[in-house]
There are 2 protein chains.
Amino acid sequence: MGRNKKFDTVETIGQIQQVFIQKGYNATSLDDLVQATGLLRGSLYSTFGSKEGMFIAALSDSLEKESEESWHLILIAMTELTNQSKRVFEIINQWYHHQSYQTVTEKLGQIVLKESGITEVK
Amino acid sequence: MGRNKKFDTVETIGQIQQVFIQKGYNATSLDDLVQATGLLRGSLYSTFGSKEGMFIAALSDSLEKESEESWHLILIAMTELTNQSKRVFEIINQWYHHQSYQTVTEKLGQIVLKESGITEVK
DNA sequence: AATATTTTTGACTTTTTAGTCAAAAAAAGA
DNA sequence: TCTTTTTTTGACTAAAAAGTCAAAAATATT
């Protein structure tokens, strides 16, 4: 009973993913997320609890789908969150169990270089 | 003429490197750097100009020596600075010219995984 | 229609951030 | 020793950050 959410949570998570992928975690401000989602801070906080919660929602959703953009969020998680957030560590750790060291390191290395904007000679 | 610096700039750069390596760029605050170097903000700013300047000093110094810790700073540069700082982009871009795609992506991938704290099975 | 419950709203608070600056202190050079 | 130049000091500023909350609005349920 009571009001239903005015927005589509799935769509919002998609928008949050795009922001984190483009800017990384620490460099993303709540204003960035407010702007990208079209929601107000209160709505974001009542839905996700915290900035970390927003990232976790974005990451979890992405891992379920296992798309190319998952790798970007995994990289951000590993470089910016895994050592600060127990929950993110758990999520990534569990995901990693189903991967091979070779595949993961190779893919992450490629993404770092690509995202850096450094010209790939090859 | 005039006073000489009370501290050893080379030593200070070493301390700055350690902080950035441990926390990354955005997650490092000036207070962290003040604490690690034992200097005051004014001294850091008069020497390096800005937080970005402090990172550039740390990165440049590290690239000259080409040690294992260089890779950590290169990773941070690529994931957090290359798209925001023209100077860092130039430094990394030039460095990259003397490397091979294979070596770079492989090494970066390994470091991401190691730094993430995720258990390496292998 | 009345009520209970939820979401929305956005201004507000608190904390942290990078960066500044004028005065004091130190010391190099004459 | 005196002057000039530099560094040190640390309180201060301004901007940006994440997060809060009470009132208003909306609506599902009875």
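Thresholds, definitions, all that
- Residues numbered from 1 in each chain as written.
- Chains lettered and ligands numbered in written order.
- Predicted model: local features only at pLDDT ≥ 70, side-chain atom pairs only at ≥ 80, totals over all residues.
- Heavy atoms only, no water.
- Contact = heavy atoms within 4.5 Å.
- Buried area = accessible area lost by both parts, 1.4 Å probe.
- Salt bridge = Lys/Arg side-chain N within 4 Å of Asp/Glu carboxyl O.
- Polar contact = N/O pair within 3.5 Å; in protein donor to acceptor, adjacent residues only side chain to side chain.
- Helix = DSSP H or I, 4+ residues; strand = E, 2+ residues; numbered from the N terminus.
- Near = heavy atom within 4 Å.
- UniProt positions renumbered as here; feature names shortened; annotations may be inferred.
- Nonpolar A, V, L, I, M, F, W, Y, C, P; charged D, E, K, R; others polar.

A. The arrangement of the interface of chain B and chain A in detail. Counting residues at the interface gives 27 residues for chain B and 28 residues for chain A. A buried area of about 2400 Å², summed over both sides, lies between chain B and chain A, and 70% of it is on carbon and sulfur atoms. Looking only at chain B, the three residues that lose the most surface to chain A are B:Tyr101, B:Leu113 and B:Ile118, adding up to 24% of its buried area. Linking chain B to chain A there are zero salt bridges. Linking chain B with chain A are two residue pairs in polar contact (both at pLDDT 80 or more), by the criterion used here. Breaking the side of chain B that touches chain A down by element, the ones donating at least two residues are helix 5 (68-81), helix 6 (86-97) and helix 7 (101-116) of chain B.

B. Region of the structure containing the protein's contact with DNA strand C. Around DNA strand C lies a shell of 23 residues, among which A:Lys6, B:Leu30, B:Arg41, B:Tyr45 and B:Lys51 are the nearest. Expressed as a percentage, the sugar and phosphate content of the atoms of DNA strand C within 4 Å of the protein is 72%. Taking B:Thr28, its main chain carries an N or O atom lying 3.1 Å from a phosphate oxygen of DNA strand C. B:Lys51 places a main-chain nitrogen or oxygen 2.9 Å from a phosphate oxygen of DNA strand C. Contributions of two or more residues to the surface near DNA strand C are made by helix 3 (41-48) of chain A together with helix 3 (41-48) of chain B.

C. Region of interest: the UniProt feature "DNA-binding region" (unreviewed entry) in chain A. The UniProt record marks residues 29-48 of chain A with the feature "DNA-binding region" (unreviewed entry), using the residue numbering of this structure. The annotated region residues 29-48 of chain A carries 80% helix and 0% strand content, and the separation between its end C-alpha atoms amounts to 15 Å.

D. The protein's contact with DNA strand D, seen in detail. Around DNA strand D sit 23 residues, and of these A:Gly2, A:Leu30, A:Arg41, A:Tyr45 and B:Lys6 come closest. Counting only atoms of DNA strand D within 4 Å of the protein, the sugar-phosphate share comes to 72%. One nitrogen or oxygen atom from the main chain of A:Gly2 is found 3.0 Å from a sugar or linking oxygen belonging to DNA strand D. Interatomic distance of 3.0 Å between a backbone N/O atom of A:Lys51 and a phosphate oxygen of DNA strand D. Sorting the residues of the surface near DNA strand D by element identifies helix 3 of chain A together with helix 3 of chain B as the ones contributing at least two each. Grouping the constituent residues of the surface near DNA strand D by class yields six nonpolar, ten polar and seven charged.

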